[in-house]
Number of protein chains: 2
Amino acid sequence: MKSVSRVVIERVSPLVDGGRFPARRIVGETVTVSADIFTEGQGEVRGYLLYRPETRKSWSRAALSLEGKDRWRGDFAVPATGRYLYTIEAWVSGFLTWRTGYEKKFRYNSNERIDLESGKALLEELLENRPAARLRRRLEAVKAAATLREKSLLILDEGLAHEAALIPDRRSLVRWETEAAVVALRERAGCGAWYEFFPRSAGADGKPGAFRDAEKKLIDIAGLGFDVVYFPPIHPIGRTNRKGRNNSIRASSADPGSPWAIGNESGGHTAVDPALGAIGDFTALVRAAGKLGLEVALDIAFQCSPDHPWVREHPDWFKRRPDGSVQYAENPPKKYEDIYPLDFNTADRKGLWEELKNVFLFWVDKGVRIFRVDNPHTKPFDFWEWCLREVTAAHPDVIFLAEAFTRPAVMRYLAKIGFTQSYTYFTWRTGASEIREYLTELTRSGMRDYFNPNFWPNTPDILPLHLHNAPRQAFIIRLVLAATLSANYGIYGPAFELCVSTPLPGREEYLDSEKFEYKRWEDRAPGNIREVVRRINRIRREHPALRRTMNLEFCESDNDALLAYCKTDRESGDVILCVVNLNPRVTENGFIRFQPEKAGLPDDRPYQALDLITGDRYVWHNDWHYVSIDPFVMPAHILSMGGK
Amino acid sequence: MKSVSRVVIERVSPLVDGGRFPARRIVGETVTVSADIFTEGQGEVRGYLLYRPETRKSWSRAALSLEGKDRWRGDFAVPATGRYLYTIEAWVSGFLTWRTGYEKKFRYNSNERIDLESGKALLEELLENRPAARLRRRLEAVKAAATLREKSLLILDEGLAHEAALIPDRRSLVRWETEAAVVALRERAGCGAWYEFFPRSAGADGKPGAFRDAEKKLIDIAGLGFDVVYFPPIHPIGRTNRKGRNNSIRASSADPGSPWAIGNESGGHTAVDPALGAIGDFTALVRAAGKLGLEVALDIAFQCSPDHPWVREHPDWFKRRPDGSVQYAENPPKKYEDIYPLDFNTADRKGLWEELKNVFLFWVDKGVRIFRVDNPHTKPFDFWEWCLREVTAAHPDVIFLAEAFTRPAVMRYLAKIGFTQSYTYFTWRTGASEIREYLTELTRSGMRDYFNPNFWPNTPDILPLHLHNAPRQAFIIRLVLAATLSANYGIYGPAFELCVSTPLPGREEYLDSEKFEYKRWEDRAPGNIREVVRRINRIRREHPALRRTMNLEFCESDNDALLAYCKTDRESGDVILCVVNLNPRVTENGFIRFQPEKAGLPDDRPYQALDLITGDRYVWHNDWHYVSIDPFVMPAHILSMGGK
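None of these values were measured; they are calculated from a predicted model. (Residues numbered from 1 in each chain as written. Chains lettered and ligands numbered in written order. Predicted model: local features only at pLDDT ≥ 70, side-chain atom pairs only at ≥ 80, totals over all residues. Heavy atoms only, no water.)

Caption draft 1: Main features of the pairing of strand β7 (residues 71-77) of chain A. Residues and elements named next belong to chain A. As paired strands, strand β3 (residues 30-38) and β7 are joined by 7 bridges and run antiparallel to one another. Residue pairing across strands places Asp36 opposite Arg71, the latter belonging to β7. Of the pairings in the sheet, the one linking strand β6 (residues 65-68) to β7 comprises 3 bridges and is antiparallel in character. Following the sheet pairing, Gly68 is matched in β7 by Arg71. Connecting β6 to the next strand, β7, in antiparallel fashion are 2 residues, including Asp70 with a positive phi near 60 degrees. (Pairing = 2+ DSSP bridges. Helix = DSSP H or I, 4+ residues; strand = E, 2+ residues; numbered from the N terminus.)

Caption draft 2: Just the environment of Ala165 of chain A, in detail. Residues and elements named next belong to chain A. In this fold, Ala165 is placed in helix α5 (residues 158-165). The class for Ala165 is buried, based on a relative accessible area of 14%. The contact partners of Ala165, leaving out residues within four places of it in the chain, are Arg46, Trp91 and Leu96. (Buried < 20%, exposed > 50% of the residue type's maximum accessible area, 1.4 Å probe, protein only. Contact = heavy atoms within 4.5 Å.)

Caption draft 3: Main features of the packing of aromatic side chains. Residues and elements named next belong to chain A. Within this structure, the stated rule accounts for 96 aromatic pairs over all chains. When the centroid spacing of 4.5 Å and the interplanar angle of 5 degrees are considered together, the rings of Phe426 and Phe455 count as stacked. Here Phe426, found in the loop between β20 (421-422) and α13 (432-444), pairs with Phe455, found in the loop between α13 and α14 (472-485); they are 29 residues apart in sequence, far enough to count as distant. The same class applies to Phe426 as to Phe455, namely buried. The structure contains a cluster of three or more aromatic residues connected by ring pairs, namely Phe302, Phe344, Trp353, Phe360, Phe371, Phe383, Trp384, Trp386, Phe400 and Phe419. Over the aromatic face of Tyr48 sits the side chain of Arg61, whose NZ or CZ is 5.9 Å from the ring centroid. (Phe/Tyr/Trp six-rings, centres within 6.5 Å; stacked < 30°, edge-to-face > 60°. Lys NZ or Arg CZ within 6 Å of the ring centre and 35° of its normal.)

Caption draft 4: Broad picture of the domain arrangement of chain A. All names here are of chain A. What the domain assignment lists for chain A is domain 1 (7-184), domain 2 (187-544) and domain 3 (547-641). Of note, the centres of domain 2 and domain 3, computed from C-alpha atoms alone, are 33 Å apart. Surface buried jointly by domain 2 and domain 3 totals about 3000 Å² across both partners, of which 65% is contributed by carbon and sulfur atoms. Taken together, the connections running from domain 2 to domain 3 amount to 0 salt bridges. Put simply, the parts of the chain that give the side of domain 2 that touches domain 3 at least two residues each are α13, α14 and α15 (530-542). Within the side of domain 2 that touches domain 3, the residues separate by chemical class into 20 nonpolar, 11 polar and 7 charged. (Domains from an automatic or database assignment. Buried area = accessible area lost by both parts, 1.4 Å probe. Salt bridge = Lys/Arg side-chain N within 4 Å of Asp/Glu carboxyl O. Nonpolar A, V, L, I, M, F, W, Y, C, P; charged D, E, K, R; others polar.)

Caption draft 5: Summary view of the sheet that holds strand β27 (residues 617-620) of chain B. Residue and element names in this part refer to chain B. The 6 strands lie next to each other as β22-β23-β24-β29-β26-β27, forming an open sheet whose pairing is antiparallel. Among the strands making up the open sheet, the edge pair consists of β22 (552-554) and β27. The sheet shows a mean angle of 30 degrees between the axes of neighbouring strands, direction not considered. Where helix α13 (residues 432-444) meets the sheet, its contacts fall on β22 and β23 (562-569), and the angle it forms with β22 comes to roughly 145 degrees. (Axes fitted to C-alpha atoms, helices over the stretch in contact; angles between N-to-C directions.)

Caption draft 6: Looking closely at the interface of chain B and chain A. Between chain B and chain A, the residue contacts involve 54 residues of the former and 54 residues of the latter. Of the roughly 4700 Å² buried between chain B and chain A, counting both surfaces, carbon and sulfur atoms make up 52%. Here chain B and chain A share 18 salt bridges between them. Among the salt bridges present, the one from Asp115 of chain A reaches Arg321 of chain B, with a minimum N-O distance of 3.3 Å.

Caption draft 7: Geometry of the relation of the copies chain B and chain A. When chain B is fitted to chain A, the best match, at an RMSD of 0.1 Å, comes from turning it 180 degrees and sliding it 0.0 Å along the axis. In the structure described here, the two chain copies are related by an operation that fits a two-fold rotation axis. In terms of proximity to the rotation axis, the leading residue of chain B is Gly18 of chain B, whose C-alpha is 3.7 Å off the axis. (Least-squares fit on C-alpha atoms with pLDDT ≥ 70 in both.)

Caption draft 8: Representation of the side chain of Arg412 of chain B within the structure. Its place among the elements puts Arg412 of chain B in helix α12 (residues 408-416). In this view, Arg412 of chain B contacts Arg11 and Asp36 of chain A together with Glu441, Met447, Tyr450 and Phe451 of chain B; residues no more than four positions away in its chain are not counted.

Caption draft 9: Broad picture of a nonpolar patch on the surface. On the surface, a nonpolar cluster with roughly 340 Å² of combined accessible area is contributed by Phe591, Trp624 and Tyr626 of chain A. Mapping Trp624 of chain A onto the fold places it in strand β28 (residues 624-629). (Patch = residues over 30% accessible without salt bridge, like charges linked within 9 Å, V, L, I, M, F, W, Y side chains within 5 Å. Areas by Shrake-Rupley, 256 points an atom, 1.4 Å probe, with all protein chains shown as cover.)

Caption draft 10: Seen up close, the pattern of salt bridges. All names here are of chain B. Applying the stated rule across the entire model yields 125 salt bridges over all chains. Here Lys105 ties to Asp115 by a salt bridge, and the two come within 3.2 Å at their closest N and O atoms. Taken together, the residues span a long stretch of sequence, with Lys105 in helix α1 (residues 94-107) and Asp115 in helix α2 (residues 113-129) at a distance of 10 residues. Its salt-bridge partner being Arg605, residue Asp604 comes within 4.0 Å of it at the nearest N-O pair. Just as Asp604 is exposed, Arg605 falls in that class too.

Caption draft 11: Region of the structure containing the sheet that holds strand β1 (residues 8-13) of chain A. Taken in spatial order, the 4 strands line up as β1-β3-β7-β6 (chain A) in an open sheet, and their pairing is antiparallel. The open sheet is flanked by β1 and β6 of chain A, the only strands paired with a single partner. Each strand axis lies, on average, 40 degrees off the axis of its neighbour in the sheet, ignoring direction. Across the sheet, α12 of chain B is in contact with β1 and β3 of chain A; its angle to β3 of chain A comes to roughly 65 degrees.

Caption draft 12: Inspection of α5 of chain A at higher detail. All names here are of chain A. Considered for burial, the residues of α5 that qualify are Leu160, Ala161, Glu163, Ala164 and Ala165. Looking at the buried residues of α5, the elements they touch are β4 (45-53), β8 (82-92), α1 (94-107), α2 (113-129), α3 (133-144) and α4 (148-155). The distance from a side-chain oxygen at the start of α5 to the backbone nitrogen of Gly159 is 2.7 Å, and the residue carrying that oxygen is Asp157. (Polar contact = N/O pair within 3.5 Å; in protein donor to acceptor, adjacent residues only side chain to side chain.)

Caption draft 13: Region of interest: the confidence of the model for chain A. With 99% of its residues at a pLDDT of 70 or more, chain A has an overall mean of 95. Among the prediction metrics, the complex's ipTM stands at 0.93, with pTM recorded as 0.94. (pLDDT = per-residue confidence, 0-100.)

Caption draft 14: Region of interest: unusual backbone geometry. With an omega of -5 degrees, the peptide bond between Gly493 of chain A and Pro494 of chain A qualifies as cis. Mapped onto the fold, Pro494 of chain A is located in the loop between β21 (488-492) and α15. For Asn246 of chain A, which is not a glycine, the phi torsion comes out positive at approximately 50 degrees. Along the chain, Asn246 of chain A falls in the loop between β12 (228-231) and α8 (279-291). Positive phi, close to 65 degrees, is recorded for Asn247 of chain B, a residue that is not glycine. Position of Asn247 of chain B relative to the elements: it lies in the loop between β12 (228-231) and α8 (279-291).

Caption draft 15: Seen up close, the side chain of Lys243 of chain B. Locating Lys243 of chain B in the fold gives a position in the loop between β12 and α8. Beyond its immediate chain neighbours, meaning those up to four positions away, Lys243 of chain B contacts Ser248, Ile249, Ala251, Asp255, Gly257, Lys335, Tyr336, Asp338 and Phe516 of chain B.

Caption draft 16: A look at the packing of α1 of chain B against α2 of chain B. Residues and elements named next belong to chain B. Relative to each other, α1 and α2 sit at 155 degrees, their axes nearing to 9 Å. Taken together, α1 and α2 sit at an angle that is classed as roughly antiparallel. The two elements α1 and α2 meet at a crossing, and its hand is left-handed. Within the contact between the two elements, α1 uses Gly94, Phe95, Trp98, Tyr102 and Lys105 and α2 uses Asp115, Leu116, Ser118, Gly119, Leu122, Leu123 and Leu126. (Parallel < 35°, antiparallel > 145°, perpendicular 65-115°, else oblique. Left-handed = near helix turned anticlockwise from the far one by under 90°.)

Written out as structure tokens, the structure reads:
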């Protein structure tokens, strides 16, 4: 007979939109599932976490343990990339419910033989469900014992309770109605330092650079401690309506054009610009990067120059204006006549979508596993959900970074439907309170389960206002913030480490943008911050606390110009405290609060704080600490607490 | 052809557990539905809120309006009690998306005739979907206009945009997958002052009281300004193992027994204790109460004394011990041998459940519309969900108050499955921070949509620690907090207004509890707080801001003993600020913050604060106000801001 006890399973975590989208974790992490599980009255509930890789049919089980009032948890490991499913089963244990009451009676010496009979009957019932030899032997021992006291001690034994708790009570057994998914991503999805550069600017002796020249630059980038080197589009560049310097409408014959105007007579999204070399040169570069410990990321922008082969081969993939001409991109009053958007709504949708998917697969085949996707928010969600699922089903190690600087709801949704990482508003968040607020949203709201931020102080498109004509210290501040607040961060160099700060007048863009011309960078120009970059990247590699994002905790500070935050890696005991002077021009003093006991440090003895940038050691007591930061010396402390 | 633009509808509010349970509102309120609605790129979404009473087939529609970034809202009224359903439809408006771009171009004088053609075509398409005469005329006017400028002005007209926005674009039209429910409750469900008393203590001349005597007491209760008078169980009381004074195991022949030991030879849950009178006397009392503006609430406790007719007529409705005897209630080491719990899991479940439902219907038939349900958390959730749904389907005006003082998850769940109101932890929350925290949870978390609190400073079962041997002021403090923090509150009297404060030693219970004996209360005993009660209830009636709960906002205070909070009723402009000295023994001074502009008061001129308890008037400026409260005079201010 089915019991009328209803076991309720509620508030399950992690869970994105009721299970419509998967939560994200990194391979090697433990997924902790928790849920409110309860029934009426004093009924003792027990349960299992059921989990499996999506490709396997049968569930593995882990007994749930109580972690708070009606709050249960179970853990499972995600040892390999891919999708995992989980659900929960729970029941009211008749025996354990009886045991709670009997144990109380026994304590007050008010237990009776008649009460014991009920307990034995409940055990017999369990043993009918599942013949558990040890439990059977224990029950027989209860029966064989001479006195009520002896019987009671045996039936109340904790080992017996533990064994009985593992057998579901079929009358009340329920399974949660949802099978929730968790996607396990490879380590690089969770942590990486990115360096973006234009290979065409890697040339020597004033000549345009090619892939072969870029190989030398890779050695330098690897030496600075980066993990990912990322190129703007490397495809042939359109000639029709090509843009000149500073985005001018007229290009001279020497102007190389914008790499985002993709395609010419040499090919489109699966070709490389002949000026950069041949495909073979590219794959050689990918291999060379690999040997240096670098991964190559490509920028994929689904749009075409008027000279792209698709314009000729698939005229139906583009929207037409009423006069029959192809609709170019516009953002009134600006016209981008060098760029044709694709019509994702074309009658030949299947053909177009397959071709776009094949662009990713083509580059995967050439050894690329990381894609930065240009403006995904202007293409249909349905396309991305399908395309990313298709690519990652075959290649679960592929990472997609969404270059979407748009409204919050859209950015969140792109993450939900499959983008591994996302650009963020960090680029424009400079004050202490707005940084706290934004990071709290990213790391403490439901977003933490699916939105994986990648922090960029600059990009080829963006020289933010606070870096306009800014001093060297301002660049260090943004570097430290990006590299320590978020485990994924990147810079567009060499403009960044050379502290290039001259804007196009009135715009948040670079003057003489590299997007439209060849650059010759003086890599060692005075005032560069290469040594700081190198040191910060080394600190990130040596400190596991900085290789995660969701472990961020802000600390109190009595001076709003001093932002303090802490990251802890429980496994290794690594604890990092960062204190950043947000004011690049003035020394700031104040008290910040670091609670040693939270970091597992003694709260009754002095402890060490080792500045990982300068090597200075401080001895601190208790919670509140005086800090004075002269930005001209170094605008931040990155302190290893405990001095490791 | 179906567009590939996916319109996403997310984060819909109000919504309880994804739509599994209804949200609650009070008749006459407006339900505001909001949702994130968006699509890729710059697509302009539009939508309708669809709503209907559950009993009607066809949807009514209200156009959604934008209230924030991608956040849309629509309203609907709930003019009568019962269930309403709502859902959302949304689409990408091709015409409005085109219009945004064209409007920009027009502003920059870069619009062309060819662009205009696209807009006209999109309007033609809309008119095919729905022949809208006015829109058709407008389109014809565009066509007839002479110049591009004139055509542009006409097609960009806001009135035209408004009309076009109302026609769904079928290619992208989506309906949210959920039909969410809202239950509209009658006004008393949202606001009421309750007075609990034992009619058997209403006797004159030292004799046990009956319903006829209670009629006199009702006049007094009505005079104190209460809305609901609520009786402990009024049924015949068991004789077997009857409890004596102070819950002693042996009762004398004069002891009346606990009203919760229900049933004897005179009947059970549908009978009245002959000592109280006949059923006719009870219905007369209900009518008399009605004339006084009072509603009668009954306590329904689904448990039986050993003498209850069901024990004889339905022996299978009770659990048996292994020796065949009926299982009595226990909480080891205590045995409640005067009470048999019902076995909701009986083979005759249908018979039992129907009978229990009929208990409610019996009393509904006698004119009762409010039930306080005893210990609902010890009975199956399935039973309650079924029973409450059945009763309210036939009688949507019936109110159920759940007497569950148990774990948070269980209390929330009882509210979700149908209990109109709930007892709360207010009874034990005394400090400023714990009151703030608890009320913030009740009024700012998802609970606000389904959990309707009823605040009780005391009950016949509970004399909380802070009222043990407490002074008169302590009772006033608890009264003011209960009556102003929550729109529903109640006291167990006359013990409360007489400031009875002597506990059973070592317990949070009354000494000489009325549960086990007749009481003769000296209603006018010196030190009573009847006048304060009367005044507070009058203030509640006169001030709509106090007749709602979810409008609570806490105010800053620089003294933790001074709790300040504000309630606003936007419709009437009523603004109430309460400042309570939580310390009954010491005058407390401090600054509290009231922001006049938030209450629609001038922030550049002085404004009045009228103390509704004392009649004193204060003139305040700006935000921060000095307050000094001597609890021996009056431990709280209830201020009408603006002085109305």
